[in-house]
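Below are the chains, spelled out letter by letter.
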Amino acid sequence: MSTPVPGRQKSIDRIRLRSLMSSEEQKFVAEHPKSAALYERAQCSLLGGVPMNWMKKWAGKFPVFVAEAHGAHFTDVDGHEYVDLCLGDTGAMTGHSPAVAAEAIARQAQKGITLMLPTEDALWVGEELARRFGLPYWQFTLTATDANRFSIRIAREITGRPKILVYNHCYHGTVDESFISLRDGVAGPRRGNIGPPVNPAETTRVVEFNDLDALDAALAHRDVACILAEPVMTNVGIVHPDPGYWQTAIELAHRHGALLLFDETHTICTGPGGYTREHALKPDLFVIGKPIASGLPAGTYGCSAEVAEQITRRIQLEDCDTGGIGGTLAGNALSLAAMRATLQHVLTPAAFEHMIPLAKRFTDGVAAAISASGLPWHVTRLGCRAEYLFQPHPPRSGGEAAAAADFELERFMHLYALNRGILLTPFHNMALVSPATTSADIDRHTEVFASAVRELAS
Ligand SMILES: Cc1ncc(COP(=O)(O)O)c(C=O)c1O
């Protein structure tokens, strides 16, 4: 984390920022003619010109089209090579196409992709998930979103309660109940929520992270089936829990009859057993997706023996395929082969021993550049994930982190980096380290970041 230098903090000159941005936009367009042409062609067949709407959010006028990706790097169709610190927004935290996973996927693809029957890989993966995360029983999905949705259903079913509780400015995938936020303390649909089925205030309670009194008051209504939470917020910048927060929060949840569902889809960056294992926490339900199969669609959710016992009693054989959990392709042979290879050979303790010091190298470099520039920013880290934020101190809540966001400034930082061969996630200022990332990759980012802040602050 950087320490702000008293009396030296500068604010951003917006006129200068716009002029710098305009030069970056021109440079981007001039250097990516093939991506520009593909984007123009895509307008005729793809809604908005992209295969998935988030891909519009990249800071250039259009997304760069990828030729190929290996490890921590990719090349675009115009022949530029990039250091990838976005890594598919964590889907490729393993690095792109790690050889051992690619081989397992190719092998399984020759032997059957999906059967709606189990393969032995499912057992290996279930046993490994139990060993890593401490929950004994597991099921599979294709996405973390689905794993969250099914876990919420289970929590509702066994508690008989209608609501869930989330933290302001959380993100847990496209789970309807979670698209809620607080505006002036009032809960309502989150900005940009497309076609909400009902006002999420009907299904969800929302409180600020690190506010135990608010959590206690919300749970005291005794209508919350589960808290759905990242143990450290990562989707509005990184927001760490106060020391002891989770111990008290878990105690409060259980005292008020609610379950705790940890979504470790991003916080797996903490270490091989996620934040849960690193901090010896005991959630009732647990979700992870994204990198667990090296980027092949796969998600999983685990539960405690008590939850397993209660839900098993309630599922009737005759209706088990129409109860709202599960999916035709979930638990397919290909995803499971990929998960096995990933857990056994890619997201290993040794990999984290490589990744975490590199993320520290990232934050050290960025902190030094921030300090030299006098800008009132800070940088923070969770395991192999790092993030800089446009305020001098770490936020304690999602609301505080969201208030420090600066879309215009963020886009400049992203495009400046992209034009110099560095890809950051298109959301806030997040960088992730993979097992294939090198210190040269990190130093390249530091150099480019330092140059960007020098230009902004001069
Ligand atoms: C913490 C967390 N949970 C769940 C999801 C949903 O993942 P997916 O879009 O793969 O379903 C995301 C996606 O960004 C996430 O950040």
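The rules behind each value
Residues numbered from 1 in each chain as written. Predicted model: local features only at pLDDT ≥ 70, side-chain atom pairs only at ≥ 80, totals over all residues. Heavy atoms only, no water. Phe/Tyr/Trp six-rings, centres within 6.5 Å; stacked < 30°, edge-to-face > 60°. Lys NZ or Arg CZ within 6 Å of the ring centre and 35° of its normal. 1 Å grid on protein atoms, 1.4 Å probe; cavity = no way out; pocket = protein on both sides within 12 Å on 5 of 7 lines; lining within 4 Å. Points joined across faces, edges and corners; volume = space filled by probe spheres on them. Helix = DSSP H or I, 4+ residues; strand = E, 2+ residues; numbered from the N terminus. Nonpolar A, V, L, I, M, F, W, Y, C, P; charged D, E, K, R; others polar. Near = heavy atom within 4 Å. Polar contact = N/O pair within 3.5 Å; in protein donor to acceptor, adjacent residues only side chain to side chain. Areas by Shrake-Rupley, 256 points an atom, 1.4 Å probe, with all protein chains shown as cover. Patch = residues over 30% accessible without salt bridge, like charges linked within 9 Å, V, L, I, M, F, W, Y side chains within 5 Å. Salt bridge = Lys/Arg side-chain N within 4 Å of Asp/Glu carboxyl O. Buried < 20%, exposed > 50% of the residue type's maximum accessible area, 1.4 Å probe, protein only.

A. Layout of the packing of aromatic side chains. Applying the stated criterion across every chain yields a total of 23 aromatic pairs. Ring pairs connect the aromatic residues Tyr 167, Phe 209, Tyr 245, Trp 246 and Phe 262, which therefore count as one cluster. For Arg 420, the ring lying beneath its charged end belongs to Tyr 416, and the centroid distance is 3.5 Å.

B. Looking closely at empty space enclosed by the protein. Applying the stated criterion across every chain, the model contains four cavities of 30 Å³ or more. What the largest cavity holds in volume is close to 50 Å³. Residue lining of the largest cavity: Trp 58, Ala 59, His 414, Leu 418, Ile 422, Leu 423, Leu 424, Thr 425 and Pro 426, and that is the complete set. At the level of secondary structure, the elements contributing two or more residues to the lining of the largest cavity comprise helix H13 (407-418) and strand S15 (422-423). Its residues placed into classes, the lining of the largest cavity shows seven nonpolar, two polar and no charged.

C. Seen up close, the layout of surface pockets. Here the second largest pocket defines a volume of roughly 1400 Å³. Each residue belonging to the lining of the second largest pocket can be placed in one class, and the counts come to 21 nonpolar, twelve polar and five charged.

D. Representation of the site of the ligand within the structure. Around the ligand, the structure places 14 residues, and the nearest of them are Thr 145, Asn 235, Asp 263, His 266 and Lys 290. Residue Thr 145 places a side-chain N or O atom 2.6 Å away from an oxygen atom belonging to the ligand. In the environment of the ligand, an oxygen atom lies 2.9 Å from a nitrogen or oxygen atom belonging to the side chain of Asn 235. Look at the ligand: alone it shows 390 Å² of surface, and the protein chains cover 88% of it. Element by element, the count of residues in the shell around the ligand is highest for helix H5 (residues 144-159), at three residues.

E. Fine view of a nonpolar patch on the surface. Nonpolar side chains collect at one region of the surface, where Met 52, Trp 54 and Met 55 lie side by side and expose about 250 Å² of accessible area between them. On the secondary structure map, Met 55 appears in the loop between helix H2 (33-42) and strand S1 (66-70). Note on Met 55: relative accessible area 33%, which makes it partly exposed.

F. Summary view of the environment of Asp 263. On the secondary structure map, Asp 263 appears in strand S10 (residues 259-263). The exposure class of Asp 263 is buried, given its relative accessible area of 3%. Sequence separation between Asp 263 and Phe 150 is 113 residues, and the spatial gap between their C-alpha atoms is 12 Å. Among the polar contacts listed, one links the side chain of Asp 263 to the side chain of Asn 148, at a separation of 3.0 Å. A distance of 2.9 Å separates a polar atom in the side chain of Asp 263 from a polar atom in the side chain of His 172.

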